[in-house]
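For reference, the chains in residue letters:
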Amino acid sequence: MDGAILVINAGSSSIKFSVYRGRDGALDAGACGQVEGIGTAPRLQVRGLPDDARVDVVLDPAQVRDHAGAIGVIHGWLTDHHAGEHDLVAIGHRVVHGGMEYDRPVRLDTTVLAALEALVPLAPLHQPHALAAIRAATAAAPAMPQYACFDTAFHRGQARLAQIFALPRALTDEGVRRYGFHGLSYEYIAASLPPELAGGRVVVAHLGNGASLCAMRAGRSVASTMGFTALDGLMMGTRAGALDPGVVLYLLEQRGMTAAQVTDLLYNRSGLLGVSGLSSDMRTLLASASPQAKEAVDLFAYRIARELGSLAAALGGLDGLVFTAGIGEHAPHVRAAVLHQAGWLGLTLDAAANETGGPRISAAGAGPSAWVIPTDENLMIARHVARLHAAAAG
């Protein structure tokens with residue numbers, strides 16, 4: 001594929017972007033950066049430029065009131081500074097929820113956008129921002145082909161029993177089921193596994209501000225800890241993770257909280273932040289002497305080890321464990337705590353390798369192996385877009 005692909009990952013107050021250029025059948029990474037502080041104190045930051053140059057520019061708040069303004073800044077910067085070198089031919093978007101319908105990347109049109117809009121209640125923290133970025137990119141470059149790549153798609157091939165809840169069938173048929181998330185990250189890791197694990201039973205731990213585990217057999221999703229929404233499963237930066245539904249009923253009925261207040265509690269004030277009372281940032285907690293911070297870190301590792309046992313059962317055994325994403329790649333203390341608690345599975349720790357980030361962090365010998373493999377969701381999106389764009393071009 002000749003030309004460049006722009007990958008957009010939109011959040012509530014920032015839009016991250018990466019540029020990839022097709023060259024000799026491969027994709028080369030180019031400029032990447034973000035517009036942060038949308039609507040408050042916006043700034044454009046760009047790296048990956050020739051000679052290690054960087055851009056860090058404070059923007060006019062009146063210019064970047066919303067996602068449309070941020071997309072305009074990104075598009076304008078690429079056009080002004082990289083026209084020629086980065087001749088864009090397509091745009092790829094990370095979209096968290098594809099629902100039951102979208103089990104693979106798709107070119108965006110009005111029909112797809114309407115379907116994705118209907119999924120906003122299932123991913124209220126993520127879906128609206130992706131849609132806003134898509135509309136803004138359409139306004140900035142109306143003729144540019146755009147593609148959506150879904151975090152749920154990787155899990156859509158799971159067996160029915162892994163996807164359904166024990167609820168009345170009518171609800172299941174309406175779409176109340178387990179979807180799983182972080183699929184683009186898992187798909188990248190599945191393609192990056194060491195040869196000895198590529199055909200085996202592997203659990204991947206995507207540990208960041210959002211965190212989940214995925215059980216894979218021969219690189220395909222078998223089960224995951226996230227379910228109907230991205231609230232389920234592991235404890236996260238500000239999200240509670242798995243919770244007795246009776247707690248929600250208690251908060252509504254006995255504490256008199258509104259649905260909006262419960263939503264805010266579970267999405268924004270729980271997890272590492274809620275338990276520690278200090279921060280949602282693992283780096284801050286690991287550096288703190290606070291007993292509450294230590295308890296938050298210990299609970300995080302405990303929940304991972306407990307869910308790991310569940311997924312090993314779903315796989316019928318375990319050949320390998322992979323850590324990835326911000327905490328997974330950069331917090332050796334967390335990795336060590338998980339491996340120590342999962343010793344019953346045969347996992348062992350090479351302390352020296354763990355401190356240096358591996359890639360293999362388990363002792364040599366029999367038993368499951370443990371690894372650290374950096375993820376790259378943006379590159380995964382670019383690969384999908386390159387394939388679809390090439391197919392559309394014949």
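Located above this text is the structure these notes cover.
Attention here is on the structure that accompanies the text. Computed from a predicted structure; not experimentally measured.

**Some details on the overall build of the protein chain**
Phase 1: Within the protein chain, the regular secondary structure consists of 16 helices and 13 strands.
Phase 2: The C-alpha atoms of the protein chain give a radius of gyration of 21 Å, which matches the 21 Å a tight globule of 394 residues would have.
Phase 3: Principal-axis analysis of the C-alpha atoms gives the protein chain an extent of 55 × 55 × 45 Å.
Phase 4: Counting across all 394 residues of the protein chain, residues that qualify as buried make up 52%.
Phase 5: Sequence-distant contacts, at least 24 apart, represent 62% of the contacts inside the protein chain between residues at least 6 apart.
Phase 6: By element, 54% of the accessible surface of the protein chain is carried by carbon and sulfur atoms, the whole surface being about 17,400 Å².

**Here's the deal with empty space enclosed by the protein**
Take a probe with the size of a water molecule and roll it over the atoms, and the empty space left behind shows itself.
Phase 1: By the definition in use, this model includes one cavity of 30 Å³ or more.
Phase 2: Approximately 50 Å³ is the volume found for the largest cavity.
Phase 3: Surrounding the largest cavity, Leu-6, Ile-8, Ile-71, Ile-74, His-75, Ile-91, Ala-137, Ala-140 and Ala-141 form its lining.
Phase 4: For the lining of the largest cavity, the secondary-structure elements that each account for two or more residues are strand S1 (4–10), helix H1 (67–82) and helix H3 (127–140).
Phase 5: By residue number, the principal contributor to the lining of the largest cavity is H1, which donates three residues.
Phase 6: When grouped by side-chain class, the residues that make up the lining of the largest cavity number eight nonpolar, one polar and no charged.

**Comments concerning the side chain of His-129**
Phase 1: The topology assignment puts His-129 in helix H3.
Phase 2: Among the residues examined, His-129 registers a relative accessible area of 18% and is labelled buried.
Phase 3: Beyond its immediate sequence surroundings of up to four residues, His-129 is in contact with Ala-10, Gly-11, Ser-12 and His-67.

**Some details on the nonpolar core**
Phase 1: Grouped together as the largest cluster of nonpolar side chains are 59 residues, with contacts concentrated most on Leu-116, Val-203, Leu-207, Phe-300, Leu-308, Val-334 and Leu-347.
Phase 2: Excluding residues that lie within four positions of it along the chain, Leu-207 makes contacts with Ser-212, Leu-234, Phe-300, Ile-304, Phe-323, Thr-324, Ala-325, Gly-326, Ile-327 and Gly-328.

**Focus on the pattern of salt bridges**
Phase 1: All told, the structure shown has eleven salt bridges when counted by the stated rule.
Phase 2: Between Arg-269 and Asp-264 there is a salt bridge; the shortest N-O distance is 3.0 Å.
Phase 3: Residue classification places Arg-269 among the partly exposed residues on the basis of a relative accessible area of 43%.
Phase 4: By relative accessible area, Asp-264 is classed as partly exposed at 31%.

**A short note on the side chain of His-155**
Phase 1: As for its placement among the helices and strands, His-155 is situated in the loop between strand S8 (146–150) and helix H4 (160–163).
Phase 2: For His-155, a relative accessible area of 1% corresponds to the buried category.
Phase 3: For His-155, the side chain forms a polar contact with the main-chain oxygen of Phe-181, separated by 2.9 Å.
Phase 4: Discounting chain neighbours no more than four positions away, the residues touching His-155 are Gln-163, Tyr-179, Gly-180, Phe-181, Gly-183, Tyr-186, Cys-214, Ser-221 and Ser-224.

**Points about the environment of Ala-148**
Phase 1: Here Ala-148 is to be found in strand S8.
Phase 2: Given a relative accessible area of 0%, Ala-148 falls into the buried group.
Phase 3: A sequence separation of 237 residues divides Ala-148 from Val-385, and the C-alpha atoms of the two residues are 8.5 Å apart.
Phase 4: Setting aside residues no more than four positions away along its own chain, Ala-148 makes contact with His-93, Val-95, Pro-105, Val-106 and Leu-108.

**Remarks on the sheet that holds strand S3 (residues 26–36)**
Phase 1: What the eight strands build is an open sheet, ordered S5-S4-S3-S2-S1-S6-S8-S7; its pairing is mixed. Among the strands making up the open sheet, the edge pair consists of strand S5 (55–58) and strand S7 (106–107).
Phase 2: Note: strand S4 (residues 43–47) against S5, four bridges, orientation antiparallel. Each residue of the ladder has a partner; that of Arg-43, found in S5, is Val-58.
Phase 3: Sitting on the sheet, H3 is in contact with S1, strand S2 (14–23), strand S6 (88–95) and S8, with an inclination near 165° to S6.

**A few points about the pairing of S4**
Residues in a regular strand project their side chains so that they alternate between the two faces of the sheet.
Phase 1: Burial of S4 is one-sided: the residues Leu-44 and Val-46 facing one way are buried, the residues Arg-43, Gln-45 and Arg-47 facing the other way are not.
Phase 2: Taken together, S3 and the strand that follows it, S4, pair antiparallel across an intervening segment of six residues, in which Gly-37 is found at a positive phi of about 70°.

Criteria and cut-off values
Residues numbered from 1 in each chain as written. Predicted model: local features only at pLDDT ≥ 70, side-chain atom pairs only at ≥ 80, totals over all residues. Heavy atoms only, no water. Helix = DSSP H or I, 4+ residues; strand = E, 2+ residues; numbered from the N terminus. Rg over C-alpha atoms; globule rule 2.2 N^0.38 Å. Buried < 20%, exposed > 50% of the residue type's maximum accessible area, 1.4 Å probe, protein only. Contact = heavy atoms within 4.5 Å. Areas by Shrake-Rupley, 256 points an atom, 1.4 Å probe, with all protein chains shown as cover. 1 Å grid on protein atoms, 1.4 Å probe; cavity = no way out; pocket = protein on both sides within 12 Å on 5 of 7 lines; lining within 4 Å. Points joined across faces, edges and corners; volume = space filled by probe spheres on them. Nonpolar A, V, L, I, M, F, W, Y, C, P; charged D, E, K, R; others polar. Core = buried A, V, L, I, M, F, W, Y, C linked by side-chain atoms within 4.5 Å. Salt bridge = Lys/Arg side-chain N within 4 Å of Asp/Glu carboxyl O. Polar contact = N/O pair within 3.5 Å; in protein donor to acceptor, adjacent residues only side chain to side chain. Pairing = 2+ DSSP bridges. Axes fitted to C-alpha atoms, helices over the stretch in contact; angles between N-to-C directions.

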